[in-house]
Amino acid sequence: MGKKIVAGNWKMNLLKEDAQTLASEVVNIAKDELSSDVTLIMCPPFVHLSEVKKLTSAVSNVFIGAQNCSTEASGAYTGEISVGMLKSYGIDYVILGHSERREYFKESNEELAKKTDIVLENGLLPIFCCGEVLAEREGGKQEEVVGSQLKESLFHLDAEAFSKVVIAYEPVWAIGTGVTASTAQAQEMHAFIRGLIAEKYGQEVADGISILYGGSCKPGNAPELFACKDVDGGLIGGASLKSRDFIDIAKSY
Ligand code: 13P
């Protein structure tokens, strides 16, 4: 089992005031109710990171993540955000390779390998997303697709660097659709991912990696998903925008 992690991916949602309200509410409830062995991560849009970081710094098991970063360290890349900038604001995690970025911004496995490297070189921790689309699932190709995503973006790392990566398995057909993977489907893919890591890096490294499930995870289905042997938590979209739901999910262990 990896460390228990529940991360909220706010995606491109919330204006300034609402972002601050949500972060404050999450922190206040987490202070009273969250077990210290659960790591809670909030991933707001870039513009909110600094404020949200300030609001959360009092709670030791609440961390902040970005939703993306540049492959480059600095320079003439208009509109991009470097990992060094994120580091200078005390940001701890970076989501990489979310399916929305793969689909809409054509992020490739190769580009994500570069992003993984630059995140780790700067001492931040990647939350690396993988997952198959519906047609791939229907064609029985989910292991092939997820295997390639991991091998092509992460397996160049040495064991020490790899141990810092958090993996999020997010079947694309379950994201924002209300259709959650069954516990059997989630466990099967998580076990496959852990097995692949064990083959490459050994069982000890594989057992220490947190593999999160993402895709229509809600307070109602989180307990059964998190009870699966190889599910170490969740990457939560819609439900992370409601403080009560997000914390209830984090309390589902
Ligand atoms: P939903 O929880 O809204 O399905 O989104 C999941 C997700 O994409 C998290 O990154």
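Residues numbered from 1 in each chain as written. Predicted model: local features only at pLDDT ≥ 70, side-chain atom pairs only at ≥ 80, totals over all residues. Heavy atoms only, no water.

Draft legend 1. Spatial organisation of the packing of helix H1 (residues 16-33) against helix H2 (residues 49-56). H2 packs onto H1 with a crossing angle of 25° between their chain directions and a minimal axis gap of 9 Å. With respect to each other, H1 and H2 are oriented roughly parallel. In terms of crossing hand, the pair formed by H1 and H2 is right-handed. Taken together, the residues of H2 that come into contact with H1 (itself represented by Ala-19, Gln-20, Ala-23, Ser-24 and Val-27) are Glu-51, Val-52, Leu-55 and Thr-56. Of the residues assigned to the contact of H1 with H2, the class counts are five nonpolar, three polar and one charged. (Axes fitted to C-alpha atoms, helices over the stretch in contact; angles between N-to-C directions. Helix = DSSP H or I, 4+ residues; strand = E, 2+ residues; numbered from the N terminus. Parallel < 35°, antiparallel > 145°, perpendicular 65-115°, else oblique. Left-handed = near helix turned anticlockwise from the far one by under 90°. Contact = heavy atoms within 4.5 Å. Nonpolar A, V, L, I, M, F, W, Y, C, P; charged D, E, K, R; others polar.)

Draft legend 2. Region of the structure containing the pattern of salt bridges. By the definition in use, this model includes 14 salt bridges. The salt bridge partner of Glu-107 is Arg-101, with a shortest N-O separation of 2.7 Å. The class of Glu-107 is buried, set by a relative accessible area of 7%. Under the relative-accessibility criterion, Arg-101 is labelled partly exposed at 21%. (Salt bridge = Lys/Arg side-chain N within 4 Å of Asp/Glu carboxyl O. Buried < 20%, exposed > 50% of the residue type's maximum accessible area, 1.4 Å probe, protein only.)

Draft legend 3. Structural detail: the sheet that holds strand S7 (residues 211-214). If you walk around this closed barrel you meet the eight strands as S1-S2-S3-S4-S5-S6-S7-S8, and the pairing is parallel. Taking each pair of neighbouring strands and ignoring which way they run, the sheet shows an average axis angle of 25°. Where strand S3 (residues 62-66) and strand S4 (residues 93-96) come together, two bridges link them in parallel fashion. Across the sheet, residue Ala-66 finds its bridge partner in S4, namely Val-94. The strands touched by helix H7 (residues 142-154) within the sheet are strand S5 (125-130) and strand S6 (166-169), with S5 carrying the most contacts at an inclination of about 150°. Seen against the sheet, helix H9 (residues 183-201) touches S5, S6 and S7 and runs at an angle of roughly 150° to S7. (Pairing = 2+ DSSP bridges.)

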